[in-house]
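Each chain, written out:
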Amino acid sequence: MKKYTLLKKDTVKHLGVTLYRVKLCVNLGSIKKGSLGGYIEKEINLSHYGDAMVSGNAMVYGDAKVSGDAEVSGDAMVYGDAKVSGDAEVSGDAMVYGDAKVSGNAEVSGDAWVYGNAMVYGNAEVYGNAEVYGDARVSGNARVYGNA
């Protein structure tokens, strides 16, 4: 059974790409069936398995994937080949793109950017105006924040 459907009449254009609003077909934790989520380009962007969700005005597009119990919310953007999985959260105005991966219980929030081949995992947090990029790894209980 599908977890959500894409609303063909509730779309936004972003950089020439049409993104479709997600509508839940099942109850998902405290989120009720029929609730509207964020925007995705295509079904590969959001897994039908687990409690993964895109909510608010968040956008996921390209070959990016949100899976497991991960959540992308607020005005966050996940795109390119980026992966958000496990119990990870990407929120606020955060951006995760390129081949970046956010997993485990990691959180990326605020105006933070994670990109390139960077990985944020474990219980790590990246927030504020921080940027993690290149081949950087942020893990364990590490915190990267401010203008770092």
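Please refer to the structure placed before this passage.
Residues numbered from 1 in each chain as written. Predicted model: local features only at pLDDT ≥ 70, side-chain atom pairs only at ≥ 80, totals over all residues. Heavy atoms only, no water.

Trainee: Any chance you could explain the pairing of strand 1 (residues 4-14) here in plain terms?
Mentor: For a regular strand, the rule is simple: side chains alternate between the two faces of the sheet. Pairing of strand 1 with strand 2 (residues 17-24), which is carried by 8 bridges, proceeds in the antiparallel orientation. Each bridged residue has a counterpart across the sheet, and for L6 the counterpart in strand 2 is V22. (Pairing = 2+ DSSP bridges. Helix = DSSP H or I, 4+ residues; strand = E, 2+ residues; numbered from the N terminus.)

Trainee: I would appreciate a short explanation of a negative patch on the surface in the present structure.
Mentor: A cluster of acidic side chains, namely D51, D69, E71, D87, E89 and E107, defines a negative patch on the protein surface. Following the sequence through the fold, D69 ends up in the loop between strand 6 (65-66) and strand 7 (71-72). Of the residues examined, D69 reaches a relative accessible area of 40% and is grouped as partly exposed. (Patch = residues over 30% accessible without salt bridge, like charges linked within 9 Å, V, L, I, M, F, W, Y side chains within 5 Å. Areas by Shrake-Rupley, 256 points an atom, 1.4 Å probe, with all protein chains shown as cover. Salt bridge = Lys/Arg side-chain N within 4 Å of Asp/Glu carboxyl O. Lys, Arg positive; Asp, Glu negative; His and termini not counted. Charge placed at Lys NZ, Arg CZ, Asp CG, Glu CD. Buried < 20%, exposed > 50% of the residue type's maximum accessible area, 1.4 Å probe, protein only.)

Trainee: Help me understand the sheet that holds strand 5 (residues 59-60) in this model?
Mentor: Backbone-to-backbone hydrogen bonds join strands into a sheet, with any given pair of strands oriented parallel or antiparallel. Strands sit in the order 1-2-3-5-8-11-14-17 across an open sheet of 8 strands; the sheet is mixed. For this open sheet the edge positions go to strand 1 and strand 17 (131-132), each flanked by a neighbour on one side alone.

Trainee: It is not clear to me how the side chain of N45 should be interpreted in this structure. Could you clarify?
Mentor: The topology assignment puts N45 in the loop between strand 3 (36-40) and strand 4 (53-54). According to the relative accessible area criterion, N45 is buried, its value standing at 0%. At 3.1 Å, the side chain of N45 forms a polar contact with the backbone nitrogen of E41. Sequence-distant contacts of N45, that is, excluding residues within four places in its chain, are made with I40, V60, Y61, G62, D63, A64, K65 and V66. (Polar contact = N/O pair within 3.5 Å; in protein donor to acceptor, adjacent residues only side chain to side chain. Contact = heavy atoms within 4.5 Å.)

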